[in-house]
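# Examining the three-dimensional arrangement
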Amino acid sequence: MSQEYMVYIDGKYVPKSEAKISVFDHGLLYGDGVFEGIRSYEGAVFRLDQHLTRLFESAKSIDLQIPLSYEEFKEAILETLRTNKLTDAYVRVVVTRGIGTLGLTPATCPKPTIIIIADHLKPLFEGVNVKAVVASTRRNAVTALNPMIKSLNYLNNILARIEAIKAKVDEAIMLNQNGTVAEGTGDNVFIVKDEVVITPPPTAGILLGVTRDAVITLAREERIQVLEKDFTVHEVYNADEAFLSGTAAEIVPLVEVDGKKIGNGNVGSITSKLIEKFKRIRRTGTPIYLK
Ligand code: PXG
């Protein structure tokens, strides 16, 4: 089915083929803006409030005043899904600094641009047991551009992703400035060792993933011990299991890193259990169709 979806731009709905913004938008000129990637399952948006909170927090950190209230923004996202009659969708929310003059100064941009794209997106790495390399590109320092800000500046991650493509694997694992594991290019990293699930802490310089948070909750509900602590690539190579989490990726097994098999190279039992559990709870979000 090839439906032409309608894109929300600053309160108006325009067909995908006509959805365009100015070349003077600082989102394009400088990557000045923030975004979110959100999914809905069976008519319910997964953890909408967490995504919106993160969006508003990212905006606050870069001094970007979003011209909609939290509730208005929530309604705009739900309305975009309704307009497109979508139940199982991927929503890309973008807030840029807006149109300005050439020059970095945000002060020349009076009004932020708000874009909401709703579309289908297959799970990234669908049906794949992921192989990765450790990227030589380090994750941005928290003191330079904090990875907690989901900014439109994704070049750091893209450079690492290019390394993965050149190495003919699916994903790259990024280390932080201290040399411990930070995250994937668009997902968070987990290892399992002696039945304990371990993921880097917020201070490792990572995006605090919504899916990461869901995984931690699900694991604890299953009485699996979860630790947020720093670890090195040595611990990844020698883990019993490993997996990645993200809105685009969902939960996917990570079975090989730098040519070394993780555990026996197959999907681990704790990983499988968490994937199954995630599939059961993912449709428990904010209902789209209340009207
Ligand atoms: N780390 C990074 C750097 C991310 O960009 C995640 C972790 C996972 O967070 P969530 O909240 O999604 O569990 C992300 C977010 C895409 C795409 O459309 C996805 C992300 C980022 C950029 C693009 O493929 N994932």
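Per chain, the residues get numbers from 1 upward, laid out in the order the sequence is written. Predicted model: local features are reported for residues with pLDDT of at least 70 only, side-chain atom pairs are reported and counted for 80 or more only, and whole-chain, interface and lining totals are derived from all residues. Here the side-chain values reflect all heavy atoms present in the structure, with hydrogen atoms and water set aside.

### Here we look at the packing of aromatic side chains
Definition in use: Paired rings are identified among Phe, Tyr and Trp, the last through its six-membered ring, by centres lying within 6.5 Å, and are further divided according to the angle between planes into stacked (under 30 degrees), edge-to-face (over 60) and tilted (the rest). Put simply, DSSP marks the helices as runs of H or I at least four residues long and the strands as runs of E at least two long, and each gets a number from the N terminus on. Whether a residue is buried, partly exposed or exposed follows from its accessible area with a 1.4 Å probe, protein chains only, as a fraction of its type maximum: under 20%, in between, or over 50%, in that order.
Applying the stated criterion across every chain yields a total of 8 aromatic pairs. The interplanar angle of 80 degrees and the centroid separation of 5.5 Å between the aromatic rings of Phe-46 and Phe-278 together place this pair among those described as edge-to-face. Residue Phe-46 is located in the loop between strand S4 (44–45) and helix H2 (48–61), and its partner Phe-278 is located in helix H7 (residues 269–281); the two are separated by 232 residues in the primary sequence. Since its relative accessible area comes to 4%, Phe-278 is described here as buried. For the pair Phe-56 and Tyr-70, a centre-to-centre distance of 5.8 Å together with 50 degrees between the ring planes defines the contact as tilted. One end of the pair, Phe-56, is in helix H2; the other, Tyr-70, is in helix H3 (residues 70–83), with 14 residues separating them in the sequence. Through a chain of ring-to-ring contacts, the aromatic side chains of Tyr-41, Phe-46 and Phe-278 assemble into a single cluster.

### Focus on the environment of Glu-228
Worth spelling out the cut-off: Two residues qualify as a contact provided that any one of their heavy atoms is within 4.5 Å of a heavy atom in the partner residue. What qualifies as a polar contact is a pair of N or O atoms within 3.5 Å, subject to a donor-acceptor requirement within protein and to the restriction that residues adjacent in sequence count only when both atoms come from side chains.
By secondary structure assignment, the location of Glu-228 is in strand S12 (residues 226–228). When sequence neighbours within four positions are dropped, the list of residues in contact with Glu-228 reads Thr-199, Pro-201, Pro-202, Arg-212 and Ile-216. Side-chain polar atoms of Glu-228 contact the side chain of Arg-212, separated by 2.5 Å.

### So, the site of the ligand
As a reminder, the rule being used: Residues are labelled near a given molecule or strand when at least one of their non-hydrogen atoms is within 4 Å of it. Residue-level accessible areas treat just the shown protein chains as cover; the underlying method is Shrake-Rupley with a 1.4 Å probe.
Looking at the ligand, there are 21 residues lining it, with Tyr-90, Arg-92, Tyr-154, Glu-183 and Thr-247 nearest. The contact in question runs from an oxygen atom of the ligand to an N or O atom on the side chain of Tyr-154, over 2.4 Å. Note that a nitrogen atom of the ligand is positioned 2.6 Å from one of the side-chain N or O atoms of Glu-183. With the chains in place, 90% of the 550 Å² that the ligand exposes on its own is no longer accessible. Listing elements by their share of the shell around the ligand, those giving two or more residues are strand S5 (89–96), helix H5 (210–221) and strand S13 (241–246).

### A look at the domain arrangement of the protein chain
This is how it is decided: All the domain ranges listed were derived from an automatic or database domain assignment. A 1.4 Å probe defines the accessible area here, and the buried area is the portion of it lost by two parts on being joined, summed over both. By salt bridge we mean one thing: a side-chain nitrogen of Lys or Arg within 4 Å of a carboxyl oxygen of Asp or Glu.
In terms of domain boundaries, the protein chain breaks down into domain 1 (6–119) and domain 2 (130–281). Summarising the inter-unit geometry, the C-alpha centres of domain 1 and domain 2 are found 26 Å apart. Taking both partners together, domain 1 and domain 2 bury about 1,600 Å²; carbon and sulfur atoms supply 61% of that area. Area buried by domain 1 at its contact with domain 2 is led by Phe-35, Phe-46 and Arg-54, which between them contribute 35% of it. Taken together, the connections running from domain 1 to domain 2 amount to 2 salt bridges. The partner of Arg-47 in a salt bridge is Asp-213, and the shortest N-O contact between them spans 2.7 Å. For the interface between domain 1 and domain 2, the tally reads 12 residue pairs in polar contact (both at pLDDT 80 or more). Secondary-structure elements contributing two or more residues to the side of domain 1 that touches domain 2 are helix H1 (26–30), strand S3 (33–41), H2 and S5.

### Quick word on the packing of H2 against H3
The packing of two helices is summarised by the inter-axis angle and the distance between the axes. Put simply, the rule reads: Whenever a helix is involved, its axis is fitted only over the stretch in contact; in every case the axis is a line through C-alpha atoms, and angles between N-to-C directions fall within 0 to 180 degrees. With respect to orientation, any angle under 35 degrees is reported as roughly parallel, any angle over 145 as roughly antiparallel, any angle of 65 to 115 as roughly perpendicular, and every other angle as oblique. Take the far helix as the reference: if the near one is turned anticlockwise from it by less than a right angle, the crossing is left-handed, and if turned clockwise, right-handed. Polar here means any residue other than Ala, Val, Leu, Ile, Met, Phe, Trp, Tyr, Cys and Pro, which are nonpolar, and Asp, Glu, Lys and Arg, which are charged; Gly is therefore polar.
Relative to each other, H2 and H3 sit at 125 degrees, their axes nearing to 11 Å. As judged from the angle between their axes, H2 and H3 are oblique. Crossing handedness for the pair H2 and H3: right-handed. When H2 is examined against H3, the residues Leu-48, Asp-49, Leu-52, Thr-53, Leu-55 and Phe-56 are found in contact with a partner set consisting of Tyr-70, Phe-73, Lys-74, Ile-77 and Leu-78. Looking at the contact of H2 with H3 residue by residue, the classes come out as 8 nonpolar, 1 polar and 2 charged.

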